[in-house]
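This is what each chain is made of:
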Amino acid sequence: MTVDPNSLLNQAVTFADFCTDAKSDIVWRNEQTGETAVWQINNFNSTGAFIPQFDFNWIFATGNFNGAGRSDFFWRNQKTGENQVWLMNGTNITAIKNLPSVDTNWNLSVGNFNGGVNNDIFWHNQTTGENQIWLMNGTNATKFDVTSADGKTLQTFGSDWDYKIADFNGDRNSDIFWHNKQTGENVVWLMKGTTVTLQASVQNFLTPGLDWEEHYCGIG
């Protein structure tokens, strides 16, 4: 499985808010042992706790999956395809649920695709180019294939393409930016829920190649 393009995944240090105080907390992850710790930050003071341990095959993303305004964990096993969501209250786990397994050709990113307060999961298969969205409601995930509003066939994006999640038209729905690492091509999908309302090519950025990376300000 390739490294997911979501910057929250597979990082030794991740920032999130686990106690709804609008202050960033820190997740520490030992990628050798699988140990994970959460530091709740109040100005320059911190209180920390270790949370249950997964081995190094598991990676995580953080998001607000139940609308409570605080960060939760979405865990994925890169070897087996297993998935699990943890709802959090500070450093305490309030609910754990195993979700359907997804084979390891798929990678994931966190977004907000239906304009609500819950974060959702976008899945992309780098082998087939398929895309799915799981709309999250706490520990429940409802799966949808990504479709086109006009019924036309959507462009397929394989292993040469990276993607990022962002809101490009200010409608509070996450959109998807596709970038071809080899040719420099760029495509934007404007999303409404799980439907692509507009698929548009964007001008290449200078000379195609690996010298340029895309970066984003703001949250999808």
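Refer to the preceding data block for the structure.
Rules used in this analysis
Residues numbered from 1 in each chain as written. Predicted model: local features only at pLDDT ≥ 70, side-chain atom pairs only at ≥ 80, totals over all residues. Heavy atoms only, no water. Pairing = 2+ DSSP bridges. Helix = DSSP H or I, 4+ residues; strand = E, 2+ residues; numbered from the N terminus. Axes fitted to C-alpha atoms, helices over the stretch in contact; angles between N-to-C directions. Phe/Tyr/Trp six-rings, centres within 6.5 Å; stacked < 30°, edge-to-face > 60°. Buried < 20%, exposed > 50% of the residue type's maximum accessible area, 1.4 Å probe, protein only. Lys, Arg positive; Asp, Glu negative; His and termini not counted. Salt bridge = Lys/Arg side-chain N within 4 Å of Asp/Glu carboxyl O. Polar contact = N/O pair within 3.5 Å; in protein donor to acceptor, adjacent residues only side chain to side chain.

Moving on to the sheet that holds strand E5 (residues 58–63). Strand order in this open sheet of four strands is E5-E6-E7-E8, and the pairing throughout is antiparallel. Lying at the two open borders of the sheet, with one neighbouring strand each, are E5 and strand E8 (92–99). Pairwise comparison of adjacent strand axes, ignoring direction, gives a mean angle of 20° for this sheet. Bridge count for strand E6 (residues 72–77) against strand E7 (residues 83–89) is four bridges, and the pairing is antiparallel. Looking at E7, one finds that Trp75 is bridged to Gln84.

Attention shifts here to the packing of aromatic side chains. With the rule as written, the count across this model stands at 23 aromatic pairs. With 5.5 Å between their ring centres and 65° between their planes, Phe157 and Trp189 make a pair best called edge-to-face. With Phe157 in the loop between strand E13 (147–148) and strand E14 (161–166) and Trp189 in strand E16 (residues 186–192), this pair connects stretches of sequence that are 32 residues apart. When sorted by exposure, Phe157 lands in the same class as Trp189, which is buried. Among the aromatic residues, those joined into a cluster by ring pairs are Phe18, Phe54, Trp58, Phe60, Phe73, Trp75 and Trp86.

What follows deals with the side chain of Asp120. Its place among the elements puts Asp120 in strand E10 (residues 120–125). For the buried residue Asp120, which engages in no salt bridge, the nearest side chain bearing the opposite charge is Lys192, 12 Å off. Within the structure, Asp120 has its side chain in polar contact with the backbone nitrogen of Phe113 (distance 2.9 Å).

Below, the discussion takes up the sheet that holds E14. Taken in spatial order, the five strands line up as E13-E17-E16-E15-E14 in an open sheet, and their pairing is mixed. Edge strands, defined here as strands with exactly one partner in the open sheet, are E13 and E14. As defined by bridge partners, E14 adjoins strand E15 (residues 175–180) across six bridges and the pair is classed as antiparallel. Of the residues in E15, the one forming a bridge with Lys164 is Phe177.

Applying the stated criterion across every chain yields a total of one salt bridge. The residue Lys181 makes a salt bridge to Asp162 at a minimum N-O spacing of 3.8 Å. Taken together, the residues span a long stretch of sequence, with Lys181 in the loop between E15 and E16 and Asp162 in strand E14 at a distance of 19 residues. Residue Asp162 is classed as partly exposed on the basis of its relative accessible area of 24%.

Worth remembering: the numbers are spatial, not functional.
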